[in-house]
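# Examination of the molecular architecture
Each chain is listed here by its residues.
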Amino acid sequence: MVEHFAVRGGARLSGSVDVVGAKNSVLKLMAAALLAEGRTTLENCPEILDVPLMADVLRSLGCTVAIEGSTVHIDVPADPGAEADYRSVSKLRASVCVLGPLVARCRRAVVPLPGGDAIGSRPLDMHQNGLRKLGATTDIVHGSVTASAGDLHGAQIWLDFPSVGATENILMAAVLAEGTTVIDNAAREPEIVDLCVMLQQMGAKLEGVGSSTLTVHGVSGLQPTTHRVIGDRIVGATWAFAAAMTRGEVTVRGVDPHHIDLVLDKLRSAGAEISTGEQEFSVAMPQRPAAVDFVTLPYPGFATDLQPMAIALSAVAEGTSMITENVFEARFRFVDEMVRLGADARTDGHHAVVRGRPELSSAPVWASDIRAGAGLVLAGLCAQGTTEVWDVAHIDRGYPRFVENLSALGADVRRVAGEPER
């Protein structure tokens, strides 16, 4: 069934919202369960479409997966399969994170090149180079990443870029390699730390967790565990932007505010009043936000996933903002849809210049990825009339109960079935 969100502008968001587990963490934790025979249980999982999609990937490898609300049970056999099913993998970019665990556990892997969001290329060169240094042979054959290894051994690995995916795959392969592996220029995202914590609970020996140098002392085997997924900082930050754009006042619970320190600092610069507590924060914007510049960078820099929200805020801010995208080259396609809503925005290479307007105007728009969809809904909250946001399946992949949460905060948003008029 084709659906869209009908967003009527003009509401001031007010109240509180709870954030559950991080999409960018839970999928990798599900893959990490492959490293140990037996039942691994993940708690505080987001009820989003990507979780059952990853469950299908694991089932194609011989696992039994049961999803009970926010809890996921994964039963891993003694001899999991090494070839992931194309139909499952093609729907989900994060599915490539089964590559490292399969090489570690099975000493071979065949993983079709992943699908997912249209935000630009995500080459797997660093994934493959890291696995090769650990002793694996890898290639891309007939549309799949293939890897095989007799024995895995520790290695010194330098990443040209602190890639989250490459760090995760190399880390999960190295935990069962013989000897010590050092990953330099490793990604430092909170989701990487969450994965490390779970691996340590399973018996992995790690040093430098949360730093740019990860040291992995290989062990002969791991045990299943029960782990609680960290709160989703991207979803939490999305609510922070929503409060600022609508000149509202919102308390967000379930997220460590230190994971979005830079976001909150940017919103302070835009004029927001911020208060923080343990696993919660509040954002109040008493006036029209002031223009702020944004530059996306790996953590602890400003997250590329929040670039659409930065552009949406800039579109209604007082003054001119420059947004620089350094991670995914195609993410600016979102700007074309913002222009349909009346935004004064221009792009040039890695840069977007946005001149704020007091109000946007409604229009039908299309989401090209999860975060673009959320950004368009936020922009619709600041537009005259009713904005139709289409391709909302993208949004459902990253934001559980998005319409319900917005409505509880006072927004006039409905999920509507029906074909678009193009």
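Residues numbered from 1 in each chain as written. Predicted model: local features only at pLDDT ≥ 70, side-chain atom pairs only at ≥ 80, totals over all residues. Heavy atoms only, no water.

A few words on the UniProt feature "binding site: UDP-N-acetyl-alpha-D-glucosamine" (unreviewed entry) in the chain. When the UniProt feature table is mapped onto this chain, "binding site: UDP-N-acetyl-alpha-D-glucosamine" (unreviewed entry) is found at R93, D305 and V327. Mapped onto the elements of the fold, D305 is located in the loop between strand 17 (294-295) and helix 10 (307-315). What makes D305 buried here is its relative accessible area of 14%. Filtering out sequence-adjacent residues up to four positions away, D305 remains in contact with N24, I234, R331 and R371. If you trace the backbone, V327 turns up in the loop between strand 18 (320-324) and helix 11 (333-340). (UniProt positions renumbered as here; feature names shortened; annotations may be inferred. Helix = DSSP H or I, 4+ residues; strand = E, 2+ residues; numbered from the N terminus. Buried < 20%, exposed > 50% of the residue type's maximum accessible area, 1.4 Å probe, protein only. Contact = heavy atoms within 4.5 Å.)

If you walk through the whole model with that rule in mind, you get five aromatic pairs. An angle of 50° between the planes, with centres 4.9 Å apart, marks the rings of F294 and F302 as tilted. The class for F302 is buried, based on a relative accessible area of 2%. When the ring centre of F294 is taken as origin, the NZ or CZ atom of K266, which lies over that ring, is 5.6 Å away. (Phe/Tyr/Trp six-rings, centres within 6.5 Å; stacked < 30°, edge-to-face > 60°. Lys NZ or Arg CZ within 6 Å of the ring centre and 35° of its normal.)

With that settled, consider the sheet that holds strand 12 (residues 213-217). The sheet built from four strands is open, its strands ordered 9-10-12-11 with mixed pairing. The open sheet has two free edges, formed respectively by strand 9 (156-158) and strand 11 (205-207), since each of these has just one partner strand. The average undirected angle you get between the axes of adjacent strands in this sheet is 15°. Strand direction decides the pairing type here: strand 9 and strand 10 (residues 180-184), joined by three bridges, are parallel. Considered in strand 10, the bridge of W158 is made with D184. (Pairing = 2+ DSSP bridges. Axes fitted to C-alpha atoms, helices over the stretch in contact; angles between N-to-C directions.)

Quick look at the nonpolar core now. In this structure, M30, L35, I74, V98, L171, V175 and L199 are the most contacted members of the largest nonpolar core, which totals 74 residues. Sequence-distant contacts of V175, defined by excluding residues within four places in its chain, comprise L35, L199, A204, L206, V216, G218, V219 and L222. Among the nonpolar cores identified, the runner-up in size contains 73 residues, and V17, A303, I323 and F332 belong to it. (Core = buried A, V, L, I, M, F, W, Y, C linked by side-chain atoms within 4.5 Å.)

Residue Y299 is joined to P300 through a cis peptide bond whose omega torsion reads 15°. Of note, the phi angle at Q279 is positive, near 60°, even though the residue is not glycine. Take Q279: it is sitting in the loop between strand 15 (273-277) and strand 16 (280-284).

Take the environment of L222 next. Residue position: L222 is located in the loop between strand 12 and strand 13 (226-228). Here L222 is in contact with L35, A36, V175, L176, M202, G203 and A204, once residues within four sequence places are set aside.

This next bit is on the packing of helix 1 (residues 23-32) against helix 6 (residues 164-174). Helix 6 packs onto helix 1 with a crossing angle of 25° between their chain directions and a minimal axis gap of 11 Å. Classified by the interaxial angle, the pair formed by helix 1 and helix 6 is roughly parallel. The two elements helix 1 and helix 6 meet at a crossing, and its hand is right-handed. Side by side, helix 1 and helix 6 meet where N24, K28 and A32 of the first sit next to V164, E168 and M172 of the second. Across the contact of helix 1 with helix 6, the residue classes break down as three nonpolar, one polar and two charged. (Parallel < 35°, antiparallel > 145°, perpendicular 65-115°, else oblique. Left-handed = near helix turned anticlockwise from the far one by under 90°. Nonpolar A, V, L, I, M, F, W, Y, C, P; charged D, E, K, R; others polar.)

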